Amino acid sequence: MEFLYFLEGIRTPIGNEFFQFVTYFGQEMLLVAVICIFYWCLDKSFAYQLALTYFSAGLCVQALKITFRIPRPWILDPEFAPVKSAVPAATGYSFPSGHTQGGTCLFAPLALRAKKPVLKLLFTAAFLLIGFSRMYLGVHTPKDVLVSMGVSLFFSVLIWKYKDQILEHPRKVCTLSLILGVISILVILYTIIQLFVFSLPEKYASDCLKAGGAGLGFAVGFFLEKTYIRFSPETPRWTLQIPKLLLGLFSALLLKNGLSLLAGLGMIFKSAEYFLLVLWIIAGYPFLFQTFLKRKERL
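Quick caveat, the model's predicted, so the values are computed rather than measured.

How each quantity is defined
- Residues numbered from 1 in each chain as written.
- Predicted model: local features only at pLDDT ≥ 70, side-chain atom pairs only at ≥ 80, totals over all residues.
- Heavy atoms only, no water.
- Salt bridge = Lys/Arg side-chain N within 4 Å of Asp/Glu carboxyl O.
- Helix = DSSP H or I, 4+ residues; strand = E, 2+ residues; numbered from the N terminus.
- Buried < 20%, exposed > 50% of the residue type's maximum accessible area, 1.4 Å probe, protein only.
- 1 Å grid on protein atoms, 1.4 Å probe; cavity = no way out; pocket = protein on both sides within 12 Å on 5 of 7 lines; lining within 4 Å.
- Points joined across faces, edges and corners; volume = space filled by probe spheres on them.
- Nonpolar A, V, L, I, M, F, W, Y, C, P; charged D, E, K, R; others polar.
- Core = buried A, V, L, I, M, F, W, Y, C linked by side-chain atoms within 4.5 Å.

J.: Mind showing me how you'd approach the pattern of salt bridges here?
T.: Where charged atoms from two side chains of opposite charge approach closely, those side chains can pair. The tally for this structure, following the rule as stated, stands at 6 salt bridges. A salt bridge links Lys 226 to Glu 168; the shortest N-O distance between them is 3.3 Å. One end of the pair, Lys 226, is in helix α11 (residues 202-229); the other, Glu 168, is in helix α9 (residues 163-168), and 58 residues separate them in sequence. Given a relative accessible area of 35%, Glu 168 falls into the partly exposed group. Residues Lys 210 and Asp 207 are paired through a salt bridge, measuring 3.6 Å at the closest nitrogen-oxygen approach. Residue Lys 210 and its partner Asp 207 are located together in helix α11, separated by 3 residues, close to a single helical turn.

J.: Explanation requested: empty space enclosed by the protein in the structure shown.
T.: Vacant regions in the atomic arrangement are exposed by a probe of water-molecule size rolled over the atoms. All told, the structure shown has 2 cavities of 30 Å³ or more when counted by the stated rule. When its volume is computed, the largest cavity comes out at roughly 50 Å³. For the largest cavity, the full set of lining residues is Val 32, Ile 35, Cys 36, Ala 51, Phe 55, Val 278, Ile 281 and Ile 282. Those elements giving two or more residues to the lining of the largest cavity turn out to be α3 (28-42), α4 (44-68) and α13 (269-298). Tallied by class, residues from the lining of the largest cavity come to 8 nonpolar, no polar and no charged. Counted as a void, the second largest cavity has a volume near 40 Å³. In terms of lining residues, the second largest cavity is bounded by Gln 62, Lys 65, Ile 66, Gly 92, Tyr 204, Asp 207 and Cys 208. Residue assignment for the lining of the second largest cavity shows that the elements contributing at least two residues are α4 and α11. Residue classes in the lining of the second largest cavity are distributed as 3 nonpolar, 2 polar and 2 charged.

J.: Whenever I open this one, the nonpolar core confuses me. Can you help?
T.: Nonpolar side chains tend toward joint burial in soluble globular proteins. Residues Trp 40, Phe 107 and Phe 218 are the most contacted members of the largest nonpolar core, which totals 75 residues. Counting 7 residues, the second largest nonpolar core, distinct from the first, contains Phe 19, Val 83, Ala 86 and Ala 90.

As structure tokens, this is what we get:
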């Protein structure tokens, strides 16, 4: 809190706007959009690496949140004032930081993938800046940020190092899908137990249920795509890539808005919402688009 008070003392209106902009790069919708761009159009293998890193770290971070239940800084210390514009997006408990996890899981793999030192430096600076922005805005403590960054870097480096063995090896597809699926289900069950047995408030369970549903959606989608669909991001003409991407993003957004109605049936349905959304991105839309191309070729 001493460090947050120090940052509060040096805040400026321009700094508030800048770091509010920086923190957007750690939000889930941006990261999912980047995964879609790589997966549908550019590099399916790297998209799988990004997705597995994000969903694995997300399961860990969200489980830690509802286990330790550490309140936000302004709740820990009512005298402390965060930047007001950052508060609405600060959902769930404080420890560890979800935005830092998202930003690190995006930019750390990009840094590992980059060939040029300048790009490696820029991508590294990006996730460090996102973590700092969470403290500058007053919505996380250094402990929240550092633990989240450590968890995310662990998964980033681990998956990068063994990506060929776990993502490209045919015999490992079923194993990886099963392990991730079981862990995702366990996280969902753990959250439900916390809800009904240990009095976890519903608003704090939402993000963990999302993570469990998304992880399960990826596990099932990965197995279906690798085993049956075998989607290729390449198209007969490069001009098809833009409409393919726009149509896919629009369909995902439309599905997301439609599935959000499930939340009205109860908090537990948050898992179903994100399960179906990720399954659509990984398997559903690629299957439909690939079927469309095959039929077009026959005509």
